[in-house]
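Residue strings, one per chain:
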Amino acid sequence: MNSHDSSLHSNNPSNSALDSVEKLHRAVSSAMSHPTEQLIRQAENSLSHTERAVSQMMEQGSPNAVELAEELLGEEKERLSKLRSSKK
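Residues numbered from 1 in each chain as written. Predicted model: local features only at pLDDT ≥ 70, side-chain atom pairs only at ≥ 80, totals over all residues. Heavy atoms only, no water.

1. A word on the packing of helix H2 (residues 13–33) against helix H3 (residues 37–60)
Packed helices, taken two at a time, are described by their axes: the angle between them and the distance between them. The line we're drawing: A fitted line through C-alpha atoms represents every axis, and for helices the fit uses only the stretch in contact; the resulting angles, taken between N-to-C directions, go from 0 to 180 degrees. Where helices and strands are cited, they refer to DSSP runs of H or I of at least four residues and of E of at least two residues respectively, numbered from the N terminus. Each angle gets one of four labels, with under 35 degrees taken as roughly parallel, over 145 as roughly antiparallel, 65 to 115 as roughly perpendicular, and the rest as oblique. Should the near helix be turned counterclockwise from the far one by less than a right angle, the crossing is left-handed, whereas a clockwise turn marks it as right-handed. In what follows, residue pairs with any heavy atoms lying within 4.5 Å of each other are defined as contacts. Each residue gets one of three labels, nonpolar for Ala, Val, Leu, Ile, Met, Phe, Trp, Tyr, Cys and Pro, charged for Asp, Glu, Lys and Arg, and polar for the others, Gly among them.
Across the interface, H2 lies against H3 with an axial gap of 8 Å and an inter-helix angle of 160 degrees. When the interaxial angle is binned, H2 and H3 end up roughly antiparallel. By crossing handedness, the relation of H2 to H3 is classed as left-handed. Residues Pro 13, Ser 14, Ser 16, Ala 17, Ser 20, Val 21, Lys 23, Leu 24, Ala 27, Val 28, Ser 30 and Ala 31 of H2 form the contact with H3, whose own contacting residues are Leu 39, Ile 40, Ala 43, Ser 46, Leu 47, His 49, Thr 50, Ala 53, Val 54, Met 57 and Gln 60. In the contact of H2 with H3, the residues fall into 14 nonpolar, eight polar and one charged.

Structural data, given as structure tokens:
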């Protein structure tokens, strides 16, 4: 899927939040592979964006999509937390 395809449904809160979770996953994976300050910061910024997207989705999204997004967000938070701990 190219970026044009994903932008077609980004106005839907559920799709937008799930897209954000996917981008967060890539950012955290990248930071774990190459734990530089810049990549960790980018992952943290992506986390903030994803948390806002999931929060908005809670108001308008389907319960199943909200549950999935929250579960995936929790997994990424845990991965990022482990990365931060290993950098200290």
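2. A closer look at the pattern of salt bridges
We count it as follows: One side-chain nitrogen of Lys or Arg within 4 Å of one carboxyl oxygen of Asp or Glu is enough to make a salt bridge. Exposure classes here rest on a 1.4 Å probe applied to the protein chains alone. A residue is buried below 20% of its type maximum, exposed above 50%, and partly exposed in between.
Under the criterion given, the structure shown has five salt bridges. Glu 76 serves as the salt-bridge partner of Arg 79, at 2.6 Å between the closest nitrogen and oxygen. Pair noted here: Arg 79 and Glu 76 are both in helix H4 (residues 63–87), with a separation of three residues, about one helical turn. Residue Arg 79 is classed as partly exposed on the basis of its relative accessible area of 22%.

3. Regarding the side chain of Ser 14
When you line up the elements, Ser 14 lands in helix H2. Not counting chain neighbours up to four residues away, the residues in contact with Ser 14 comprise Met 57, Gly 61, Ser 62 and Ala 65.

4. Some words on the environment of Glu 22
Mapped onto the secondary structure, Glu 22 falls in helix H2. Taking the relative accessible area as the measure of exposure, Glu 22 reaches 46% and is therefore partly exposed. Distance in space between the C-alpha atoms of Glu 22 and Ala 69 is 9.7 Å, their sequence separation being 47 residues.

5. Some words on the confidence of the model for the chain
Note: predicted coordinates in regions of low pLDDT should not be interpreted at a detailed level. As a reminder, the rule being used: Think of pLDDT as the predictor's per-residue confidence, scored from 0 to 100.
Confidence in the prediction of the chain, expressed as mean pLDDT, is 86, and 86% of residues score 70 or more. The least confident element of the chain, judged by mean pLDDT, is helix H1 (residues 3–7) at 42; the most confident is H3 at 94. Confidence drops under a pLDDT of 50 for residues 1–10, and excluding neighbours within four residues, the segment shows six contacts in the predicted structure.

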